[in-house]
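Structural overview
Single-letter residue listing:
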Amino acid sequence: MPTSALSSRTVLVTGATSGIGYETARQLAQRGATVLLHGRTAEEARAAADRLASTAGVNGGQLCIYAADFARLGEVETLAHKVVAEHPHLDVLVNNAGMAAPERHTVTADGNEIAFQVNFLAHYLLTCLLEPALTSDPGGRVVNVSSSLHRTASIQWADPNRARRYSRLAAYAQSQLALTVFAADPRVTAVSVHPGVCDTALLPLYSHEGVSAAEGAAHVVRLCDPAVEIVNGAYYDRDERVEPSPAATEDRTVKRLNKLADLLVGRNA
């Protein structure tokens, strides 16, 4: 394989223990990147790293493992501080960790609806805390693995936890819209990508069948490559740049979401 522009890059992939996250980590490592593998637990992250080393021909020296349960914001904070201490320069952050919203309305110990926290708020907090590492050199970027379902969503500003009217699909879609809106935040260059309908744990939200996780991951990896020019706030449907939901690029919505997210993650902006 020719020398890749990724070979000197350091990339953190959240939710790298299965599905698109695992395949993204594999493809990045095979192209020479140093990959920081995040899992919900250290055991899950270690198992993923071992699998990459034994089955994908990846050099174990390129992999660093990190753990944090995104349903606990304190763990996200600890993760961010550890990454910044060990990797003061980070080229790419792939915000991929995600979950389907549960059937029943579920609130985390931090007081947030669980899908909103795991899919968006944890990534918001992580990105804010990693900003010094991502901006230590020009060219740092964030790739948010979002979803075409963001188009069906609205952010319930007065009730982001959807305590009054809960639907798992609406809760999931809201978290994906928030992640897509967040890419237009000017602090760090960021894009969002819908990797296609893939055969992962989230498939039942979309359809009965999907393409392989590896195929979806290829669209994510492409956006990590410094040879691919990106525009802050851009949204991709697989490898094609398309317009996101109108709300996703409104300046007013971006500011309002930042304010709400700061409040919910306990950051004093």
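Read on for a plain summary of the structure. (Residues numbered from 1 in each chain as written. Predicted model: local features only at pLDDT ≥ 70, side-chain atom pairs only at ≥ 80, totals over all residues. Heavy atoms only, no water.)

Description of the overall build of the protein chain
- When helices and strands are tallied, the protein chain shows seven helices and eight strands.
- For 269 residues, the compact-globule estimate of 2.2 N^0.38 gives 18 Å, and the protein chain sits close to it at 17 Å.
- With the C-alpha coordinates aligned to their principal axes, the bounding extent of the protein chain is approximately 50 × 40 × 35 Å.
- Taking all 269 residues of the protein chain together, 54% fall into the buried category.
- About 11600 Å² of surface is accessible on the protein chain, with carbon and sulfur atoms providing 49% of the total.
- If you average the places of the 24 positive and of the 28 negative side-chain charges in the protein chain, the two averages end up 4 Å apart. (Helix = DSSP H or I, 4+ residues; strand = E, 2+ residues; numbered from the N terminus. Rg over C-alpha atoms; globule rule 2.2 N^0.38 Å. Buried < 20%, exposed > 50% of the residue type's maximum accessible area, 1.4 Å probe, protein only. Areas by Shrake-Rupley, 256 points an atom, 1.4 Å probe, with all protein chains shown as cover. Lys, Arg positive; Asp, Glu negative; His and termini not counted. Charge placed at Lys NZ, Arg CZ, Asp CG, Glu CD.)

Notes on the sheet that holds strand S8 (residues 240-242)
- The mixed open sheet is built from eight strands, whose spatial order is S3-S2-S1-S4-S5-S6-S7-S8. Two strands in the sheet have a free side with no partner beyond their single neighbour: strand S3 (63-67) and S8. Each strand axis lies, on average, 25° off the axis of its neighbour in the sheet, ignoring direction.
- Of the pairings in the sheet, the one linking strand S1 (residues 10-13) to strand S4 (residues 92-95) comprises three bridges and is parallel in character. In the sheet register, Val11 faces S4, and the bridge partner there is Val92.
- Sitting on the sheet, helix H5 (residues 168-182) is in contact with S4, strand S5 (141-145), strand S6 (190-194) and strand S7 (235-237), with an inclination near 160° to S5. (Pairing = 2+ DSSP bridges. Axes fitted to C-alpha atoms, helices over the stretch in contact; angles between N-to-C directions. Contact = heavy atoms within 4.5 Å.)

Concerning the pattern of salt bridges
- Applying the stated criterion across every chain yields a total of ten salt bridges.
- The salt bridge involving Asp251 is made with Lys255; its shortest N-O contact spans 2.8 Å. Of this pair, Asp251 and Lys255 are both found in helix H7 (residues 251-265), four residues apart, which corresponds to roughly one turn of the helix. (Salt bridge = Lys/Arg side-chain N within 4 Å of Asp/Glu carboxyl O.)

Thoughts on the packing of helix H1 (residues 19-30) against helix H2 (residues 42-55)
- Packing of H1 against H2 brings their axes to within 11 Å, and their N-to-C directions diverge by 45°. Overall, the two elements H1 and H2 adopt an arrangement that is oblique. Handedness of the H1/H2 crossing: right-handed. In this structure, H1 contributes Tyr22, Ala25 and Arg26 to the contact, and H2 contributes Ala48, Arg51, Leu52 and Thr55.
- Of the residues assigned to the contact of H1 with H2, the class counts are four nonpolar, one polar and two charged. (Parallel < 35°, antiparallel > 145°, perpendicular 65-115°, else oblique. Left-handed = near helix turned anticlockwise from the far one by under 90°. Nonpolar A, V, L, I, M, F, W, Y, C, P; charged D, E, K, R; others polar.)

Considerations on the environment of Val13
- Here Val13 lies in strand S1.
- Residue classification places Val13 among the buried residues on the basis of a relative accessible area of 0%.
- When the C-alpha positions of Val13 and Val35 are compared, they lie 7.2 Å apart, and in sequence the two are 22 residues distant.
- Setting aside chain neighbours within four positions, we find Val13 in contact with Gly21, Thr24, Leu28, Val35, Leu36, Leu37, His38 and Val94.

Let's talk about the environment of Val92
- By the secondary structure assignment, Val92 is in strand S4.
- Judged by its relative accessible area of 1%, Val92 is buried.
- Val92 sits 166 residues away from Asn258 along the chain, and the two C-alpha atoms are 21 Å apart.

Observations regarding helix H6 (residues 213-224)
- When the terminal C-alpha atoms of H6 are compared, their 17 Å separation across twelve residues agrees well with the 16 Å that a helix rising 1.5 Å per residue should span.
- When we look at burial in H6, the residues that qualify are Ala213, Gly216, Ala217, His219, Val220, Val221, Leu223 and Cys224.
- The inward-facing, buried residues of H6 contact H1, S4, S5, S6 and S7. (Expected span 1.5 Å × (residues − 1).)

Examining the environment of Glu75
- Counting through the fold element by element, Glu75 comes out in helix H3 (residues 73-86).
- For Glu75, a relative accessible area of 32% corresponds to the partly exposed category.
- Along the primary structure Glu75 and Ala122 are separated by 47 residues, whereas in three dimensions their C-alpha atoms are 9.5 Å apart.

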